[in-house]
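# Reading the structure
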Amino acid sequence: MKRREFITLLGGAAAAWPVAARAQQQPAMPVIGFLNGQSAQAFAPVVASFRRGLNEAGYVEGQNVAIEYRWAEGRLDRLPPLAADLVRRQVAVIAATGGNNSALVAKTTTSTIPIVFTSSDNPVERGLVASINRPGGNVTGVSWFDAELGPKRLGLLHELVPNVTIVALLINPNNPESVRQPAELQEAVRVIGLQLVVLTATNAGDIEAAFMAMVQNRVGALLVGSDPFFWNRREQIIALAAQHAIPTIYADAGREVAGAGGLMIYGNSLADAYRRAGIYVGRVLKGEKPADLPVMQPTKFDLVINAKTAKTLGLKLPDNVLALADEVIE
């Protein structure tokens, strides 16, 4: 090799070395595994809230963090392979959302990757964490004990339709929390003097059948239980409630339900719950351990009323109910 060629080659290698070294020193972008039992389309509003929480924690998708989404599309049997795929990909943290089953499957699949869940059930009773304040293990998250809000929803519905004597409760029997929801309502039903009809649904056809049963049983009002499946099918339920003129109160609070025509919604804000989950995921990415992060619980519950739907149903909104509303959609 000629001397000039050797010097040129050496100089090029020296110039390239710092670039390669800097590339090796840059940490890889962390990846979040987002596991959800339902569909991307139905959960788009709360996924946006999750990203807002990440932003508050200093992470922006596509800039300094990546998110791998896995949707079970309402088929719970798909959750185990989806969770296993995220574990194989060695994601930095799993956000287990869209129902308690996602969190339970994720916990069964890995004991090392941090998990942040959203849950409407008691995470201690379900075996997700050791305690609310000291979760232990690799799991923490955001939880709201929704079944306990059933009597409050029944009271609000009774204020709106005081002459109704038969009320239905729609639950998903595949959700273990559903067992608690009728039991939580029994005392309130007895005190008010109502008859409670419990109906179940696990698919779109079941929802149709449930509304036919309501018509046959002359049900005058409906409570929709808290369940990700019902959130996923909210447009169908809202449409059927309007078709059969059944005043309905929904468990999962959010403007999406009232904005789509739902009469009344009372509960923890799903948007806020997912935002909080995003914040916790960000904190875990920064090095905090789930075992040391207390399970977050809601401090505020929202009542949203759609006045237009009430008018369509021929209902007059009582002043005392309006006074309690956080938002009234005209």
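Residues numbered from 1 in each chain as written. Predicted model: local features only at pLDDT ≥ 70, side-chain atom pairs only at ≥ 80, totals over all residues. Heavy atoms only, no water.

## Considerations on the packing of aromatic side chains
- Tallying each qualifying case throughout the model produces eight aromatic pairs.
- Relative to phenylalanine 50, the ring of phenylalanine 34 has its centre 5.1 Å away and its plane inclined at 70°; by these criteria the two rings are edge-to-face. With phenylalanine 34 in strand β1 (residues 31–36) and phenylalanine 50 in helix α2 (residues 44–56), this pair connects stretches of sequence that are 16 residues apart.
- Between phenylalanine 229 and phenylalanine 230 the ring centres are 5.5 Å apart and the planes differ by 50°, which places this aromatic pair in the tilted class.
- With a relative accessible area of 10%, phenylalanine 229 lands in the buried category.
- For phenylalanine 230, a relative accessible area of 3% translates into the label buried. (Phe/Tyr/Trp six-rings, centres within 6.5 Å; stacked < 30°, edge-to-face > 60°. Helix = DSSP H or I, 4+ residues; strand = E, 2+ residues; numbered from the N terminus. Buried < 20%, exposed > 50% of the residue type's maximum accessible area, 1.4 Å probe, protein only.)

## Let's talk about the sheet that holds strand β4 (residues 115–119)
- Sheet architecture is open: five strands sit in the order β2-β1-β3-β4-β5, paired in parallel fashion. The outermost strands of the open sheet, each flanked by one partner alone, are β2 (66–71) and β5 (139–143). Across this sheet, the average inter-strand angle for adjacent strands is 20°, counted without regard to direction.
- Pairing of β1 with β2, which is carried by six bridges, proceeds in the parallel orientation. Counterpart to glycine 33 in the pairing with β2 is glutamate 68.
- Contacts between α2 and the sheet are confined to β1, β2 and β3 (93–97), with β2 contributing the most and set at about 155° to the helix. (Pairing = 2+ DSSP bridges. Axes fitted to C-alpha atoms, helices over the stretch in contact; angles between N-to-C directions. Contact = heavy atoms within 4.5 Å.)

## Side note on the pairing of β3
- The element β3 is extensively covered by neighbouring structure, given that five of its five residues are classed as buried.
- Both faces of β3 are covered, namely the face carrying Val93, Ala95 and Thr97 and the face carrying Ile94 and Ala96.
- In this sheet, β3 lies alongside β1 in parallel orientation, the contact comprising five bridges. Bridge pairing in β3 places asparagine 36 opposite threonine 97.

## Notes on the environment of tyrosine 274
- For tyrosine 274, the position within the fold is in helix α11 (residues 270–285).
- Spatially, the C-alpha atoms of tyrosine 274 and asparagine 101 are 16 Å apart, while their sequence positions differ by 173 residues.
- Once you skip the residues sitting within four places of it in the chain, tyrosine 274 turns out to touch Phe34, Asn36, Phe43, Val46, Ser49, Phe50, Thr97, Gly98 and Thr118.

## Some remarks on the pattern of salt bridges
- Going through the model one piece at a time under the given rule, you end up with 13 salt bridges.
- Across the pair arginine 70 and glutamate 68 runs a salt bridge, and its minimum N-O distance is 3.1 Å.
- For glutamate 68, a relative accessible area of 27% corresponds to the partly exposed category.
- The partner of glutamate 288 in a salt bridge is arginine 283, with the nearest N and O atoms 2.9 Å apart.
- You can call glutamate 288 partly exposed: its relative accessible area is 33%. (Salt bridge = Lys/Arg side-chain N within 4 Å of Asp/Glu carboxyl O.)

## Quick notes on the side chain of threonine 140
- Along the chain, the position of threonine 140 falls in strand β5.
- Threonine 140 gets classed as buried once you look at its relative accessible area, which sits at 0%.
- Within polar-contact distance, the side chain of threonine 140 engages the backbone oxygen of leucine 293 at 2.6 Å.
- Residues contacting threonine 140, with those up to four places away along its chain left out, are Ile115, Val116, Phe117, Pro135, Tyr280, Pro290, Leu293, Pro294 and Val295. (Polar contact = N/O pair within 3.5 Å; in protein donor to acceptor, adjacent residues only side chain to side chain.)

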